Amino acid sequence: MEITDTVSVMRRGEMTATVKTKDTSPEELAELMVGRKVLLDVAKGPAQLGKVVLEVENLRVVDEDKVERVKGISFQIRAGEILGIAGVAGNGQSELLEVLGGFGRATGTVRLNGEELDLTGTKSDGQSRREKGIAHVPEDRQHLGMIMDFAAWENVAFGYHNDPAYQKNSLLMDNDAILEDTKGKMERFDVRPPIPTLAAKSFSGGNQQKIILAREIERNPELLLVGQPTRGVDIGAIEFIHKRIVELRDAGKAVLLVSVELDEIMSLSDRIAVMFDGRIMGERDPDKTNERELGLLMAGVTGKDAA
Amino acid sequence: MTKLPRWADVVLVPLISLLLAGIISALVILAIGQSPSEALKVMVDGAVGSPYGWGYTLYYATSFIFTGLAVTVAFHASLFNIGGEGQAQLGGLGVALVCLALPWPHWTLALPAAMIGGALFGAAWAAIPAYLQAKRGSHIVITTIMFNYIAAALLIYILVEHLRPPSSMDPASARFGAGTDLPTLHEIPGLSLIFTKQVPANVTLFVALLACWLVWLLLWRTRLGYEIRAFGKSEPAALYAGIKPVRVTMIAMLISGALAGLMSINNVMGESGRLLQNSSEGAGFIGIAVALMGRNHPLGVFLAAILFGFLYQGGAELGLWTSIPIELRTVVQGLVILFTGALDHMVRMMLGLFFRPKARAA
């Protein structure tokens, strides 16, 4: 704001607006950054809060290049609550999900139902996190969440391939059991086409996401980590996916939702934390805030600066 | 690119690739002033025209099945094991040490022990590049190539300094005892009716077929195979799923090395009956082509191994009965590798043109 003459706003790889700096304000830029103003209506009742499921204290992540990505954040999620993490992509949300999902290294303390989780990578991985009841719908489904060349049924076992229900005996996997399970999941999650033997890459983005969601949600996890649940997903599937996430919350589970879509955060979350530059800039009640305020926090402008 | 129907992908593409390789080979034979049809006749007669020819073709194929499977297992973990040659030679050392260690009373006892020896030594030779890849990120292609040279040098040293009988000038071990002689196809009741003359193909062929089935089972029916394939497709996704990269890299390479080492029960124990210098004779490298052509599937590896066995034996016959030099078989092999491996996409693209209109109508 201080050193530029004109400001351009980029969103989803496109220049969406260019304005003269002297004609604009942080508020207007925030709105431009937030983008589409489609308010998704998610039917959800008031949260029935239970005990604290996830406690994060002073979590720090330093990446391979020695850059500090997460700079000491602390928060809690209760049972029956959706905590939404808002923020522009690349402000530490992905690292947070990786650490909680078991495949990122960090310092600090993370407790699940009071039990401390290993963050050093020596005693934890994606398997041990799943065993503890943490399910994870990753931000990048094609890169992390699925093997695109694997068939749908093979992807349903992805991360759960050690599940005793999927084994024929101590040596061999029971592929028929996985196929059968996949058929059921495809039906319940309305995956189209419902063909378990089709390669994951042959499904649309929305249907890939439904396969992952079915895999993770039907495990009935204590905590569901979900990143960008509707990125690249068609409108019809968005509604379906949101409904399933709310259902899990209503079943008394904790949900950590990371999304760059503000309206998604606002309509799903029971509480919103905004991340900027590896820090939580503030927590807001979705009913008592607006996109402009959140947009400012996302840009690193705290209440005092904006005033 | 148009997606080909499955039958075209599995059957038509390799056949056309082979045909193209055949045509170019024919042109090469023409260019050196020989008759391609005569050459083809000699090759077919010599390699598959008689049970005797088959006895050689199957002997070579047996070796290629093992080395092809070795490349296949590593390939599914996205590891390009070029070190089958060295691993097979070390496997030969393992087999030789086992065979020389005891006065084996019968081959049925000696074979399992020799298999363990060959597999262990082959796996051990693959373990070092695997560890360097898994822990230090040293590229497996570079390290396995280097280990081929180290293996060759190591073997010469061991043969000359330790295994060579004092009276011999030949860099080879002493002959193994009679109790280690594996029955050839000629000596197996029933099969001896077909193979009426002594042939080098031996019971190892059946071990190789069993290995094909076991590798298929491993890759597509076990948790380990699932982890190997998932890791091979995407390392970040494997991490997400809780698959440990170091563990999978190590295990896949150990299995790969063990399979390459197992080859030696065919040539060292089954054929020569002693450990020679360069015992594997390039079979480790041919395994790469076999795996490539066999689409990294055990059934494909089996078929491709038979084809390369045919080329190997047929090429030898060429050198024997015609004035075409034996080196031509290397040319033919090279062309087959070129067309089935490197130019695979070219054939697919050409075929895609034929399949496109149909696909649109459907």
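Residues numbered from 1 in each chain as written. Chains lettered and ligands numbered in written order. Predicted model: local features only at pLDDT ≥ 70, side-chain atom pairs only at ≥ 80, totals over all residues. Heavy atoms only, no water.

**Q** How should I be thinking about the sheet that holds strand 11 (residues 271-276) of chain A in this particular structure?
**A** Sheet strands line up and pair through hydrogen bonds in the backbone, either parallel or antiparallel. Residues and elements named next belong to chain A. The strand order 8-9-10-5-11-12 describes an open sheet built from six strands, whose pairing is mixed. At either margin of the open sheet sits one strand with a lone partner, and together these are strand 8 (134-137) and strand 12 (279-284). Between one strand axis and the next, the sheet turns by 20 degrees as a mean value, whatever way the strands run. Pairing analysis gives five bridges linking strand 11 to strand 12, with the strands arranged antiparallel. Residue pairing in the sheet places Ile 272 in a bridge with Arg 284 of strand 12. Its contacts with the sheet place helix 7 (residues 205-217) against strand 8 and strand 9 (223-227), and it is angled at close to 175 degrees to strand 8. (Pairing = 2+ DSSP bridges. Helix = DSSP H or I, 4+ residues; strand = E, 2+ residues; numbered from the N terminus. Axes fitted to C-alpha atoms, helices over the stretch in contact; angles between N-to-C directions. Contact = heavy atoms within 4.5 Å.)

**Q** Sorry if this is basic, but what is going on with the sheet that holds strand 6 (residues 107-112) of chain A here?
**A** All names here are of chain A. Reading across the sheet, the four strands line up as 4-3-6-7 and stay open at both edges, with antiparallel pairing between neighbours. This sheet does not close on itself; its edge strands, each paired only once, are strand 4 (68-78) and strand 7 (115-116). Against the sheet, helix 2 (residues 93-101) engages strand 3 (52-62), strand 4 and strand 6, with an angle of about 120 degrees to strand 3.

**Q** Honestly, the pairing of strand 3 of chain A in this entry has me stumped. Any pointers?
**A** Moving residue by residue along a regular strand, the side chains alternate between the two faces of the sheet. Residue and element names in this part refer to chain A. Across eight bridges, the pairing between strand 3 and strand 4 is antiparallel. Note that in strand 4 the partner of Val 61 across the bridge is Val 70. Where strand 3 hands over to strand 4, the hairpin turn is made up of five residues, of which Lys 66 adopts a positive phi near 65 degrees. For strand 3 and strand 6, the ladder comprises five bridges, and the chain directions are antiparallel. Within strand 6, the residue paired with Glu 57 across the bridge is Thr 109.

**Q** For this particular structure, what's the right way to read unusual backbone geometry?
**A** Glycine aside, residues mostly have negative phi angles, and peptide bonds mostly take the trans form. All names here are of chain A. The amide bond that connects Arg 192 to the next residue, Pro 193, takes the cis arrangement and shows omega of -10 degrees. Unusually for a residue other than glycine, Lys 66 sits at a positive phi of about 65 degrees. Along the polypeptide, Lys 66 turns up in the loop between strand 3 and strand 4. Unusually for a residue other than glycine, Asn 113 sits at a positive phi of about 50 degrees. By the element assignment, Asn 113 lies in the loop between strand 6 and strand 7.

**Q** I tried to follow the packing of helix 3 (residues 51-76) of chain B against helix 12 (residues 283-293) of chain B on my own but got confused; where do I start?
**A** Between two packed helices, what matters for the description is the angle formed by their axes and the separation of those axes. Residues and elements named next belong to chain B. Relative orientation of the contacting elements helix 3 and helix 12 amounts to 65 degrees, with a least axis distance of 7 Å. Considering how the two elements wind past one another, helix 3 and helix 12 form a crossing that is right-handed. Residue-level contacts link Ser 63, Phe 64, Thr 67, Gly 68, Val 71 and Thr 72 of helix 3 to Ala 283, Gly 284, Ile 286, Gly 287, Ile 288, Val 290 and Ala 291 of helix 12. In terms of residue class, the contact of helix 3 with helix 12 is made up of seven nonpolar, six polar and no charged. (Left-handed = near helix turned anticlockwise from the far one by under 90°. Nonpolar A, V, L, I, M, F, W, Y, C, P; charged D, E, K, R; others polar.)

**Q** Honestly, the pattern of salt bridges in this entry has me stumped. Any pointers?
**A** Overall, the coordinates contain 30 salt bridges over all chains when judged by the stated rule. When the shortest N-O distance is used, the salt bridge between Asp 277 of chain A and Lys 71 of chain A registers 3.2 Å. On the criterion of sequence distance, the pair formed by Asp 277 of chain A in the loop between strand 11 and strand 12 and Lys 71 of chain A in strand 4 is long-range, its members being 206 residues apart. Looking at Asp 277 of chain A, the relative accessible area reads 34%, which means it is partly exposed. A residue is classified by how much of its surface remains accessible, and Lys 71 of chain A, at 19% relative accessible area, is buried. Notably, a salt bridge pairs Asp 45 of chain B with Lys 41 of chain B, separated by 3.1 Å at the nearest N-O pair. Highlighted residues: Asp 45 of chain B and Lys 41 of chain B, both in helix 2 (residues 36-48), separated by four residues, approximately one helical turn. Of the residues examined, Asp 45 of chain B reaches a relative accessible area of 42% and is grouped as partly exposed. (Salt bridge = Lys/Arg side-chain N within 4 Å of Asp/Glu carboxyl O. Buried < 20%, exposed > 50% of the residue type's maximum accessible area, 1.4 Å probe, protein only.)

**Q** For this particular structure, what's the right way to read the environment of Ala 79 of chain A?
**A** Residue and element names in this part refer to chain A. Positionally, Ala 79 belongs in the loop between strand 4 and strand 5 (82-86). With relative accessibility at 11%, the residue Ala 79 sits in the buried group. With 31 residues separating them in the primary sequence, Ala 79 and Gln 48 have C-alpha atoms 8.0 Å apart. Ignoring anything within four residues of it in the chain, the contact list for Ala 79 reads Gln 48, Leu 49, Gly 50, Lys 51, Val 53, Gly 252, Lys 253 and Ala 254.

**Q** Mind showing me how you'd approach the packing of aromatic side chains here?
**A** Given two aromatic rings, their pairing is described by the distance between the two centres and the angle made by the two planes. Counted according to the given criterion, the structure contains nine aromatic pairs over all chains. Geometrically, the ring pair formed by Phe 103 of chain A and Tyr 240 of chain B is edge-to-face, given 6.1 Å between the ring centres and 90 degrees between the ring planes. Taken together, the residues Phe 103 of chain A in the loop between helix 2 and strand 6 and Tyr 240 of chain B in helix 9 (residues 235-240) connect one chain to another. Overall, Phe 103 of chain A belongs to the buried group, its relative accessible area being 12%. When its relative accessible area of 1% is taken as the criterion, Tyr 240 of chain B is described as buried. One aromatic cluster is present, formed by Tyr 59, Tyr 60, Phe 64 and Tyr 312 of chain B through successive ring pairs. One Lys or Arg, Arg 130 of chain A, reaches over the ring of Tyr 240 of chain B and ends 4.7 Å from the middle of that ring. Sitting over the face of the ring of Phe 240 of chain A, Lys 210 of chain A holds its NZ or CZ atom 5.1 Å from the ring centroid. (Phe/Tyr/Trp six-rings, centres within 6.5 Å; stacked < 30°, edge-to-face > 60°. Lys NZ or Arg CZ within 6 Å of the ring centre and 35° of its normal.)

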